[in-house]
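Structure assessment
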Amino acid sequence: MQRYDYLIVGAGMVAANAIDGIREQDTDGSIGILGAEPHGPVTRPALSKKLWTDPDFTEDKIWMQPEHDAHTTLHTNTRVTAIDRNARTVTVESGEAIGYGKLLLATGGAPVRLDALPESEQVRYFRDYADYRRLRELASEPRHVAVIGGSYIGTELAAALIQNGCRVTLVYPEAVLGGGMLPPSLADRLHQTYLDRGVELLGGRKVEGGEEADGKVTLALDDGSRLEVDAVVFGLGVTACSELAEQAGLEVDGGIVVDDRLATADDAIFAAGDVAIYPDRILGRWQAEHVDNANFMGATVGRIMAGSDERYTHTPYFYSNVFDIAWKAIGTLDSSLDIVEDVRDGKGVYYYRGRESDETGGRVKGILLLGLDADRLDLARDVLAVPEPLPAESLIGRIPLD
Ligand SMILES: Cc1cc2nc3c(=O)[nH]c(=O)nc-3n(C[C@H](O)[C@H](O)[C@H](O)COP(=O)(O)OP(=O)(O)OC[C@H]3O[C@@H](n4cnc5c(N)ncnc54)[C@H](O)[C@@H]3O)c2cc1C
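Residues numbered from 1 in each chain as written. Predicted model: local features only at pLDDT ≥ 70, side-chain atom pairs only at ≥ 80, totals over all residues.

Let's talk about the nonpolar core
Counted only if it meets this: As used throughout, a nonpolar core is a set of buried Ala, Val, Leu, Ile, Met, Phe, Trp, Tyr and Cys residues joined through C-beta atoms within 7 Å of each other. Exposure classification rests on a simple neighbour count of other C-beta atoms within 10 Å of a residue's own: a residue reaching 20 or more is buried, one at 12 or fewer is exposed, and one in between is partly exposed. C-beta atoms are placed from the backbone. The way it works is that DSSP assigns letters per residue, a run of H or I at least four long becomes a helix, a run of E at least two long becomes a strand, and they are numbered from the N terminus. Placing a C-beta atom from the backbone of each residue, one calls two residues in contact when those atoms lie within 7 Å.
Of all hydrophobic cores here, the largest spans 67 residues; its most connected members are Val147, Ala158, Leu161, Val232 and Ile367. Broken down by element, the residue count for this core peaks at 8 residues, all from helix 5 (residues 152-162). Aside from chain neighbours lying at most four places away, what touches Leu161 is Ala139, Val145, Val147, Cys166 and Val168. Core analysis: the second largest hydrophobic core is formed by 53 residues, Tyr6, Ile19, Tyr100 and Tyr278 among them.

Shown next as C-alpha cells:
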C-alpha cells in the first residue's frame, strides 16, 4: 500500500499552496495529491476572466505546478470515495487504499445544478477547465448563449462571451443586475454597462428547466416564458464538497468545520479552502469561496500540518472585474444592509452596516472598495475589526480615496 506523510484530497488552488506551505517546514516528507480532474491545479479565476479578455494571458499561464520535487506525487483522475480514520487510509474509486500521516481535505465546491436540465455539450455548469474548453469551442462561432445567474461567474461569463462575438442573454432573479449584493448606485451602473455592451438582460426571472432538441436548448423560465438558445452556461453558486468528511463522522455544517489551526476534531485531518468553515479573527464563523483565502489558507494549513505552531489569522478579500468595473471587498455584501457611500470620481468605499433594527445596528459588516488599490484592504480590515457601531459621519474619509 502506498503511504504519504501528507496526503491532499483535491488537486485545486488550496493543494498547490499547501505544498508550498509544507515545504517551508519539511523539505523531504512525502506528499501525495489525489485529484478527480485529469490535470493538476488551475488558476480558476482566469477561466472566466483573463483567458477571454487579455490576449497576452495565454492558456499555458493557468497551470499551477504542484510537483516541486521527487517526494511530491500528483495522482490525476483519482477520486477519493472514503476515509478510514482508524486505519489512516483513504480509498479511491479503483478500490485502492492509500495511507496518510496527515490528511488535508481540499475538495472545494461543486456547482449548483438543476435536476431538470442535465449537463451536456450545450449545457454547462461552469467550474473547471473542461467547462472553459467547451465554452471556447461554442464561442468559436457567433452563437446565442444564455448565461444563468447574476453573481460573479454569471456576470463574468456574460462579459467574456459578448466580448468574443456571441449573442448573450443573461437571466437572473434580481430586478437590477447585482442588486442583491451591490449598493443601488453601483448596481445601476453595472446594469447599464451590460445593456450598453449589448448583453440582453432578463432580470426577475429564474430557469426552472429546459430541453434540448436539434442542436438548440429551450429554457423554461418561472414567468412561464421560454427562451431558445444555442447553448446555456450556469453560474448558480457552489455547494461545499464535504461528503467525505461527513461519512467519516467529522463535523459538517454547510462545509467542514475546523478550528483556527484548520484542524477537524481528528487531529490528523485538516480542511481548507472553499470547503472549510473556520473562525475568522474579524468576521467570526466564516466560509470563503475565494482565491485570496485559497492562497493564504492553503499555505497556512501546509505549514501547520508540517509542524508550525501558528493559527490562521488572515481575513480574506474577494474581487470582481467586469468591463471597466473593478472592486474588492471583505465581509458581508448584502444590499439590504445600511450602506454608507464615500464615492468620488468613480472611485469609492461602501460601508455595509448592520440595520438599526438589528442587534448589530451600526456595526460595519462589509466593505467594498471600488476602483481602489489593494493597499486599502488592511484599512478596511481595521474598520471591520471595530466591535462598536460606527456613525456614518465617522466613516467618510476613513479609508482615503486618493
Ligand atoms: C470560473 C471561476 C472563477 C473564479 N473567479 C474568482 C475570482 O475572480 N476571485 C476570487 O476570489 N475567487 C474566484 N473563484 C473562486 C476560487 O477559484 C476558489 O475559491 C478556489 O479555487 C478554491 O480553491 P479550493 O482548492 O478550495 O477548490 P478548487 O480549486 O475547486 O479545488 C478542489 C478540487 O478538488 C477536487 N475534488 C473534489 N472532490 C474530490 C474527491 N472526492 N477526490 C478527489 N478530488 C476531489 C475537484 O475536482 C477540484 O479540482 C473562481 C472560481 C471559478 C470556478
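Thoughts on the sheet that holds strand 9 (residues 144-148)
The line we're drawing: Whether two strands pair comes down to DSSP finding at least two bridges between them. Orientation is described by lines fitted to C-alpha atoms, with helices fitted over the stretch in contact, and by angles between N-to-C directions that extend from 0 to 180 degrees.
If you trace the 5 strands from one edge of the open sheet to the other, you get 8-15-9-10-11, paired in parallel fashion. Sheet topology places strand 8 (123-125) and strand 11 (200-202) at the edges, where each strand pairs with a single neighbour. Taking the axes of each pair of neighbouring strands and ignoring which way they run, one obtains an average angle of 20° across the sheet. For strand 9 and strand 10 (residues 167-171), the ladder comprises 5 bridges, and the chain directions are parallel. Considered in strand 10, the bridge of Val147 is made with Leu170. In the packing of helix 5 onto the sheet, the strands contacted are strand 9, strand 10 and strand 15 (231-234), and the crossing angle to strand 9 comes to about 165°.

Observations regarding the site of the ligand
Stated formally: The C-beta atom of each residue is placed using the backbone, and any residue whose C-beta lies within 6 Å of a molecule or strand is treated as near it. Marked domain ranges trace back to an automatic or database domain assignment.
Near the ligand, the surroundings consist of 35 residues, among which Gly10, Gly12, Gly108, Gly273 and His290 are the closest. Of all the elements in the fold, those that place two or more residues in the shell around the ligand are helix 1 (13-25), helix 2 (45-48), helix 8 (291-305) and strand 21 (318-322). Each of domain 1 (2-110 + 238-305) and domain 2 (113-234) contributes no fewer than three residues to the shell around the ligand.

Digging into the sheet that holds strand 13 (residues 216-221)
The 3 strands lie next to each other as 12-13-14, forming an open sheet whose pairing is antiparallel. Each having just a single partner strand, strand 12 (207-213) and strand 14 (226-229) make up the two edges of the open sheet. With direction set aside, neighbouring strand axes in the sheet form an average angle of 20°. With 4 bridges connecting them, strand 13 and strand 14 associate as antiparallel partners. The residue bridging Leu219 from the neighbouring strand is Leu227, located in strand 14.

Regarding helix 5
Since the α-helix packs 3.6 residues into each turn, any two residues three or four apart lie on the same face. Taking burial as the measure, the 11 residues of helix 5 include 11 buried ones, the bulk of the element. For helix 5, the full list of buried residues reads Tyr152, Ile153, Gly154, Thr155, Glu156, Leu157, Ala158, Ala159, Ala160, Leu161 and Ile162.

Examining the environment of Arg311
One can find Arg311 in the loop between helix 8 and strand 21. With 67 residues separating them in the primary sequence, Arg311 and Leu244 have C-alpha atoms 24 Å apart.

So, the domain arrangement of the chain
Note the cut-off: In this classification, the charged set is Asp, Glu, Lys and Arg, the nonpolar set is Ala, Val, Leu, Ile, Met, Phe, Trp, Tyr, Cys and Pro, and all remaining amino acids, among them Gly, are polar.
Considered domain by domain, the chain is made up of domain 1 (2-110 + 238-305), domain 2 (113-234) and domain 3 (324-395). Relative placement of domain 2 and domain 3: their C-alpha centres are 29 Å apart. Every contact between the two is made by 11 residues of domain 2 and, on the other side, 8 residues of domain 3. Taken together, the residues that form the side of domain 2 that touches domain 3 break down as 6 nonpolar, 4 polar and 1 charged.

With respect to the packing of helix 1 against helix 8
Applied cut-off: By the definition used in this description, the sense in which the near helix is turned from the far one sets the handedness, with an anticlockwise turn below a right angle giving left-handed and a clockwise turn giving right-handed.
The interhelical angle for the contact between helix 1 and helix 8, taken along N-to-C directions, is 35°, at an axis separation of 6 Å. Crossing of helix 1 over helix 8 shows right-handed handedness. Residues Met13, Val14, Ala16, Asn17, Ala18, Ile19, Asp20, Gly21, Ile22, Glu24 and Gln25 of helix 1 lie in contact with helix 8, whose contacting residues are Val291, Ala294, Asn295, Met297, Gly298, Ala299, Thr300, Val301, Gly302, Arg303 and Met305. In terms of residue class, the contact of helix 1 with helix 8 is built from 12 nonpolar, 7 polar and 3 charged.

Some words on helix 4 (residues 129-139)
Applicable threshold: It is the directions from the helix axis to the C-beta atoms that the arc portrays.
Within helix 4 the residues assigned to the buried category are Asp131, Tyr132, Leu135 and Ala139. Projected down its long axis, helix 4 carries its buried residues within an arc of 100°, all on one side. Residues of helix 4 that are exposed and point more than 90 degrees away from the buried face comprise Ala130, Arg133 and Glu137. Tucked into the core, helix 4 has its buried residues touching helix 2, helix 3 (50-53), strand 8, helix 5 and strand 15.

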